Structures are given as C-alpha cells and as structure tokens.
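Each chain, letter by letter, is given below.
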Amino acid sequence: EGYSIRDMAADQAKALKVLGIDKVSIMGVSQGGMIAQAFAIMYPELVEKLVVVVSAPRANEMIQENVRAWIELALQGDHKKLMIDTAEKGYTEKYLKKYRRMYPILGMVGKPKNYGRFLVNARAILDFNVQEELDRITCSTYIIAGGVDKTVGVEASYVMKERITKNELFVYEDLGHAAYEEAKDFYHRVYEWLVKE
C-alpha cells in the first residue's frame with residue numbers, strides 16, 4: 001500500500017497539532033489542491049477557508065493519462081522529456097515561445113538523484129477520488145481554474161462548483177494549468193478573497 005493523498009492530509013493535520021494551530025485557511029495548487037480537499041473533508045473543524053487551484057476531486061481520464069506517462073518517463077530516467085511534457089501541458093503557447101529555447105538544457109538542470117519521491121506522489125494521484133464526498137467540505141471555498149488546462153482539465157472545477165456547498169469559481173479562460181504562475185493578479189486575487197468576510 002502506497003502513501004495516499006489522505007495520508008498526506010493526515011500528516012498536515014499532525015503538523016498543525018504539533019505547532020498548536022487550531023484553525024487554518026488552506027490553499028492547494030494541483031496535487032496540493034487534492035490534498036487540501038482531502039484535508040477539508042477529513043478535518044472540517046480545522047479549516048476556516050479553502051482555496052483549490054487548477055485541481056480536481058478525482059484522477060479523471062486526462063489526469064490518469066498524463067500522470068501515467070510521467071511515471072513512465074521517470075522510470076526511464078528521461079528527465080528532459082518529463083520536464084518538456086509537463087511544461088507543454090502546463091503553460092500557454094505565448095509563455096512557451098519565450099522558454100522553449102531552454103529545452104536543450106532541461107535534461108541537465110534539476111535532475112533528482114532518483115525519482116522515488118516523485119513516483120510516490122504521482123502514484124498517490126492515480127488513486128485519488130473524493131468526488132462523492134465534496135458535500136462534506138463545509139468551509140467557504142474558492143475554486144480557481146485554467147480554461148485551457150491540459151493537465152487536469154477545466155471540467156473538474158465545475159464538478160467542485162456543483163458539489164461543494166459554499167463556493168465561488170473563477171476561471172482564467174485563456175490560461176492553463178500554470179495559471180497561478182502566468183496570471184499577474186493571481187496572488188492578489190487569492191488574498192482579496194481570503195480577507196473578505
């Protein structure tokens with residue numbers, strides 16, 4: 001049995017207890033958004049507000065296809081192809097035009113000694129599914145999506161919108177999975193939502 005998304009959420013709860021923190025606002029991006037959803041379902045009493053960014057409540061077909069391909073590239077040790085594929089699936093064409101010239105050196109930069117940690121995290125995504133439990137998220141939730149997300153798909157955000165009781169959805173229509181990096185107003189938008197009543 002591997003290390004699951006729920007295990008990751010449980011570890012976060014233990015860390016809060018050690019730190020003596022009894023209420024938090026959480027933001028999770030991509031897989032972090034999955035962990036954040038699981039956390040809010042498992043520990044509703046700890047969560048004041050939740051922000052879920054470019055994420056999904058389950059490993060849908062697009063996620064399964066992408067993650068399985070990335071696992072295979074990691075197992076082959078093909079760091080360059082892994083980095084290029086995640087970039088191509090994450091960023092918009094406008095952004096990529098500026099950075100594709102760096103692709104030739106991607107195989108040499110940031111390659112881990114081994115892919116153990118990556119594989120544990122990737123495999124945890126494949127088994128993730130809290131879609132039928134979303135109504136157990138009781139806190140105010142801000143869902144942020146990329147309209148052209150090629151990693152998780154935008155449809156996942158509409159599922160969360162439909163099933164989480166108190167929520168607000170914002171879609172960056174022209175951005176993809178890396179909307180949190182490409183949108184200049186992203187952090188301001190999140191901050192403004194967190195501080196409003």
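For the structure itself, consult the block above.
Every chain's residues receive numbers from 1 upward, in the order its sequence appears when written. Given that this is a predicted model, residues contribute local features only at a pLDDT of at least 70 and side-chain atom pairs are listed and counted only at 80 or more, while totals for whole chains, interfaces and linings are drawn from all residues. To obtain the side-chain values, all non-hydrogen atoms of the structure were used and water was disregarded.

A.B. asks: Looking at this structure, how should I read the side chain of Q37?
C.D. replies: Take Q37: it is sitting in helix α2 (residues 31-42). Assessed through its relative accessible area of 0%, Q37 is described here as buried. Working rule for contacts: check all heavy atoms of both residues, and any pair within 4.5 Å makes them a contact. Among all residues touching Q37, those that are not within four sequence positions of it are V52, S55, A56, P57, V130, L134, I137 and M160. A run of DSSP states H or I qualifies as a helix once it reaches four residues; a run of E qualifies as a strand once it reaches two. Both are numbered from the N-terminal end. Note on classification: 1.4 Å probe, protein chains only; a residue is buried when its accessible area is under 20% of the maximum for its type, exposed when over 50%, partly exposed between these limits.

A.B. asks: How do you make sense of the nonpolar core when you look at a structure like this?
C.D. replies: Burial of nonpolar side chains together is a common tendency in soluble globular proteins. In these notes, a set of buried Ala, Val, Leu, Ile, Met, Phe, Trp, Tyr and Cys residues joined through side-chain atoms within 4.5 Å is what counts as a nonpolar core. Membership of the largest hydrophobic core comes to 45 residues, with the highest contact counts inside it found for I5, F39, L50, I63, V67 and I137. At the level of elements, α1 (5-19), β1 (24-29), α2, β2 (47-53), α3 (61-76), α6 (116-126) and α7 (155-163) are the ones that each hand at least two residues to this core. Ranked by residues supplied to this core, first place goes to α2 with 7 residues. Judged by nonpolar contacts, the second largest core, of 12 residues, contains V53, Y172, A179 and F186.

Remember, this is a structural readout, not a statement about activity or role.
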